[in-house]
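# Reading the structure
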Amino acid sequence: MKNNSTFALRGSICYSLDAETLAAEEHAYVVCENGVCAGVFQELPSRFQGIPCTDTGSSIIIPGLTDLHLHAPQYSLRGTKMDLELLDWLNAVAFPEETKYSDLTYAEQAYRIFTEDLKKSPTTRACIFGTLHVKATELLMDLTEETGIKAYIGKVNMDRNGPAELQEADAQASSQATVQWLTDISGKYENVKPILTPRFIPSCSDELMGELSDIQKKYRLPVQSHLSENPGETLWVQELCPDSSFYGDAYDRFGLFGGDSCPTIMAHCVYSSDREIALMKKRGVYVAHCPQSNMNLSSGIAPARKFLDQGLHTGLGTDIAGGHTLSMFRAIADAVQVSKLHWRLMEESQKALTFAEAFYMATIGGGSFFGKAGSFLPGYEFDALILDDSLFPHPQPLSVPERLERLTYLGGDQCVTGKYVSGRKIF
Ligand code: GUN
Ligand code: FE
């Protein structure tokens, strides 16, 4: 459905021009023309005179935030059972919870809570893992569609190394279920789209990867998965795939690692070698940098400065429930903080991220996976957040970027009083 409405929001507008530069204008207008941003103006151009305008007073208006990696079924786990490393945590915590989504009554209860919170959050776009269950994943898509948020959602594939209750019988069963899912949802949604979701290499046999490669080509699907997250996991992949030169190569052998016809997001990349990073650059693979999850699961610190310097597409993810909060503001602050530890403790040649760089990752960095999203430059999808930071009073006047940085650290989610996605008011 085309969004035929033209309107303006007025306030203190702040957005990224590029990875280093924040633009800020006080008492300015940002104009939405049929779902697309027409630009930021100090005075409304004559062609926009008389359009509806909401004056947000002293509120800050920023582009929407993209969560490039999270697991919807793990939302019910957030903030609990955080004392294990990845592989033990998967077996003891994540897999048992995901098993419950074979029960649609449980799935509906849990996914309603998740989607209601997602709607209220600062996230306007998201790339989401479901579970291996077809019906529960379709329910998640139905509920996410209703929020108005734009999302890629994946039915997870896994045919090995899982518990019997959370594993597909074999590659054929997994691929048939995937085709069933794609057939069921074909043409059904405006806001949500399918994304092929092999869980990670340890969960997917070569035969399954071959099947998924065929499905990817036939349905022209994007791909999301995990890469080089944890030392034990990375070693295990070497054992499982002795012919692959590095972890990413195990996806690449099946054509599931970027390239023009296979847009791909890989979460984490904490232990990506220079060769792996070079291939990601060549193939345009997106990194979903998930600093909070990397802390909670003791995974390590991803070299975010290196990703930026090498020109990799880099966005931020909450990785619910490796990460415990849905807050993309918190993800921005975490990205800056862990980059300081990386600089101080690991590689002094790689300087810490600035706030502007982490904000860029959360807006244009991840948003560009959806096309033109994450900025108020003309031609971008009109995704916007209105932020009232008056609940954090300050004794002196601050600049708009200072206010934005401050509310990011102090709890930005509480400040969101309005949200638009592609020009549509969510609340
Ligand atoms: N690798 C494979 N599955 C998962 C998961 O659910 N969470 C995280 N953080 N890493 C994974
Ligand atoms: Fe994950």
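The structure this text deals with has already been given above.
Residues numbered from 1 in each chain as written. Chains lettered and ligands numbered in written order. Predicted model: local features only at pLDDT ≥ 70, side-chain atom pairs only at ≥ 80, totals over all residues. Heavy atoms only, no water.

When helices and strands are counted, the chain shows 13 helices and 17 strands. Taken along its principal axes, the extent of the C-alpha atoms in the chain is 60 × 50 × 40 Å. Taking all 427 residues of the chain together, the buried fraction comes to 60%. For the chain, the share of sequence-separated contacts (at least 6 apart) that also reach a separation of at least 24 residues comes to 75%. (Helix = DSSP H or I, 4+ residues; strand = E, 2+ residues; numbered from the N terminus. Buried < 20%, exposed > 50% of the residue type's maximum accessible area, 1.4 Å probe, protein only. Contact = heavy atoms within 4.5 Å.)

This part is about the coordination of the iron ion (ligand 2). Working reference: metal with six octahedral donors, ideal angles 90 or 180 degrees; metal with four tetrahedral donors, ideal angle 109.5 degrees. Looking at the metal site, the iron ion (ligand 2) is ligated by His-69 (NE2), His-71 (NE2), His-226 (NE2) and Asp-319 (OD), spaced 2.0 to 2.3 Å from it. Between the donor residues of the iron ion (ligand 2), the gaps in sequence give the motif H-x1-H-x154-H-x92-D. (Donors = N, O, S within 2.8 Å, 3.2 Å for Na, K, Ca; no water.)

This part is about the environment of Ile-320. Mapped onto the elements, Ile-320 comes out in the loop between strand S14 (313-316) and helix H11 (328-346). Of the residues examined, Ile-320 reaches a relative accessible area of 0% and is grouped as buried. Sequence separation between Ile-320 and Gln-292 is 28 residues; the distance between their C-alpha atoms is 9.3 Å. If sequence neighbours within four positions are ignored, Ile-320 has contacts with His-69, Leu-70, His-71, Gln-74, Tyr-75, Arg-78, Thr-325 and Leu-326.

Within this structure, the stated rule accounts for 2 cavities of 30 Å³ or more. Of the voids in this model, the largest cavity is the one considered here, and its volume is about 90 Å³. The wall of the largest cavity is formed by His-71, Gln-74, Leu-86, Trp-89, Leu-90, Arg-199, Phe-200, His-226, Glu-229, His-268, Leu-297 and Asp-319. For the lining of the largest cavity, the element with the most residues is helix H1 (residues 86-99), which contributes 3 residues. Broken down by class, the residue content of the lining of the largest cavity amounts to 5 nonpolar, 4 polar and 3 charged. In this structure, the second largest cavity is lined by Ala-302, Pro-303, Ala-304, Arg-305, Ser-339, His-342, Gln-350, Lys-351 and Ala-352. Among the elements of the structure, helix H10 (304-309) and H11 are those that each provide at least two residues to the lining of the second largest cavity. A breakdown of the residues in the lining of the second largest cavity according to their chemical character gives 4 nonpolar, 3 polar and 2 charged. (1 Å grid on protein atoms, 1.4 Å probe; cavity = no way out; pocket = protein on both sides within 12 Å on 5 of 7 lines; lining within 4 Å. Points joined across faces, edges and corners; volume = space filled by probe spheres on them. Nonpolar A, V, L, I, M, F, W, Y, C, P; charged D, E, K, R; others polar.)

Relative to each other, helix H3 (residues 134-147) and helix H4 (residues 171-185) sit at 35°, their axes nearing to 10 Å. Every pair of crossing elements has a handedness; the one defined by H3 and H4 is right-handed. In this structure, H3 uses Val-134, Lys-135, Thr-137, Glu-138 and Met-141 to contact H4, whose residues at the interface are Ala-177, Gln-180, Trp-181, Asp-184 and Ile-185. For the contact of H3 with H4, a count of residues per class yields 5 nonpolar, 2 polar and 3 charged. (Axes fitted to C-alpha atoms, helices over the stretch in contact; angles between N-to-C directions. Left-handed = near helix turned anticlockwise from the far one by under 90°.)

Read these as layout, nothing more, since geometry by itself doesn't imply function.
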